[in-house]
Amino acid sequence: MMKKILIIQGNPVSPSYNGAIAEAYRKGAVQAGAEVRMITLNELEFNMNLEGGYRNKLPLEPDLLKAQEAIKWAEHLVWVFPIWWGGPPALFKGFIDRIFMPGYAFKYHKGKLFPDQLLKGRTARMITTMDGPNWYYKWFQGEPAHKMMKISTFALTGIKPVRITPVDLVGKQSEEQRKKWLEKIEQLGRKLG
């Protein structure tokens, strides 16, 4: 059975190593027989500020409506983004703020502590890049971007399991090391997970 995979590439800079990572995963997944779609956030047109919050919501732009449809279509979501100042770039966070809305990703009911998880049945992988060492990000910074996505976003909306692949020391890697990482990411794509 063909697996439906959506890759969301969240680096606002283009071209980027994140773009190469997303392409390597896509290549591996296609080789394994998956149906793959890709969203590159810096190619979308949308206001990344959730003006008015949930009460006075902005209408979603056409690119965000298409992104929501793609997420609903997918069985497996692959999120590729850099870690900047401990978290994702503003473009990435703005995308999450705008599309993971009540009624789409989750739904609260009066008197219930936890919401209905409207994105159940999907799995995810995060592939993050950072210039520092992963051990420092994990043990000294507490992995804020990983936790934000895995616990505050995915767990709330029902996406699980979530696997994380951190690619660290990116600015210090040789071309050979970067190529090896791309080969590893392509293998992940071939495993469809």
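Relevant structure appears above.
**Q** Report on a nonpolar patch on the surface, specifying residues and quantitative values.
**A** A surface patch of nonpolar side chains, amounting to about 570 Å² of accessible area, comprises Trp135, Tyr136, Trp139 and Phe140. With respect to the helices and strands, tryptophan 135 occurs in helix 4 (residues 134-139).

**Q** With reference to specific residues and values, describe the pairing of strand 2 (residues 35-40).
**A** Every other side chain in a regular strand lies on the same face of the sheet, so the side chains alternate between the two faces. Direction of pairing for strand 1 (residues 4-9) relative to strand 2: parallel, over a ladder of 6 bridges. In the strand pairing of strand 2, leucine 6 is matched with arginine 37.

**Q** Residue-level account of the packing of aromatic side chains, with values.
**A** Think of a pair of aromatic rings as described by two things: how far the centres are apart, and how the planes are tilted against each other in angle. Evaluation of the coordinates by the stated rule reveals 11 aromatic pairs. An angle of 65 degrees between the planes, with centres 6.1 Å apart, marks the rings of phenylalanine 46 and phenylalanine 95 as edge-to-face. In this pair, phenylalanine 46 sits in the loop between strand 2 and helix 2 (62-73) while phenylalanine 95 sits in helix 3 (residues 90-99), placing the two residues 49 residues apart along the sequence. Residue phenylalanine 46 is classed as buried on the basis of its relative accessible area of 15%. With a centroid separation of 6.1 Å and 75 degrees between ring planes, the pair formed by tryptophan 135 and phenylalanine 140 is classed as edge-to-face. Like phenylalanine 140, tryptophan 135 is exposed. Through successive ring pairs, a cluster of aromatic residues spans Phe46, Trp79, Phe81, Phe92, Phe95, Phe100 and Phe154. Positioned above the aromatic ring of tryptophan 73, the side-chain terminus of arginine 37 is 3.9 Å from the ring centre.

**Q** Outline the nonpolar core, supporting the account with residue identities and numerical values.
**A** Judged by nonpolar contacts, the single largest core of 35 residues is most densely connected at Ile71, Trp79, Phe95, Phe100 and Met149. Among the elements of the structure, strand 1, helix 2, strand 3 (76-82), helix 3, strand 6 (123-129) and helix 5 (144-157) are those that each provide at least two residues to this core. The residues touching methionine 149, leaving out its near neighbours within four places in the chain, are Trp79, Phe81, Phe92, Ile96, Met126 and Phe154. By size, the runner-up hydrophobic cluster in this structure holds 18 residues, among which are Val80, Ile127, Ile185 and Leu188.

Scoring rules and cut-offs
- Residues numbered from 1 in each chain as written.
- Predicted model: local features only at pLDDT ≥ 70, side-chain atom pairs only at ≥ 80, totals over all residues.
- Heavy atoms only, no water.
- Patch = residues over 30% accessible without salt bridge, like charges linked within 9 Å, V, L, I, M, F, W, Y side chains within 5 Å.
- Areas by Shrake-Rupley, 256 points an atom, 1.4 Å probe, with all protein chains shown as cover.
- Salt bridge = Lys/Arg side-chain N within 4 Å of Asp/Glu carboxyl O.
- Helix = DSSP H or I, 4+ residues; strand = E, 2+ residues; numbered from the N terminus.
- Pairing = 2+ DSSP bridges.
- Phe/Tyr/Trp six-rings, centres within 6.5 Å; stacked < 30°, edge-to-face > 60°.
- Buried < 20%, exposed > 50% of the residue type's maximum accessible area, 1.4 Å probe, protein only.
- Lys NZ or Arg CZ within 6 Å of the ring centre and 35° of its normal.
- Core = buried A, V, L, I, M, F, W, Y, C linked by side-chain atoms within 4.5 Å.
- Contact = heavy atoms within 4.5 Å.

These figures come from the coordinates and say nothing about function on their own.
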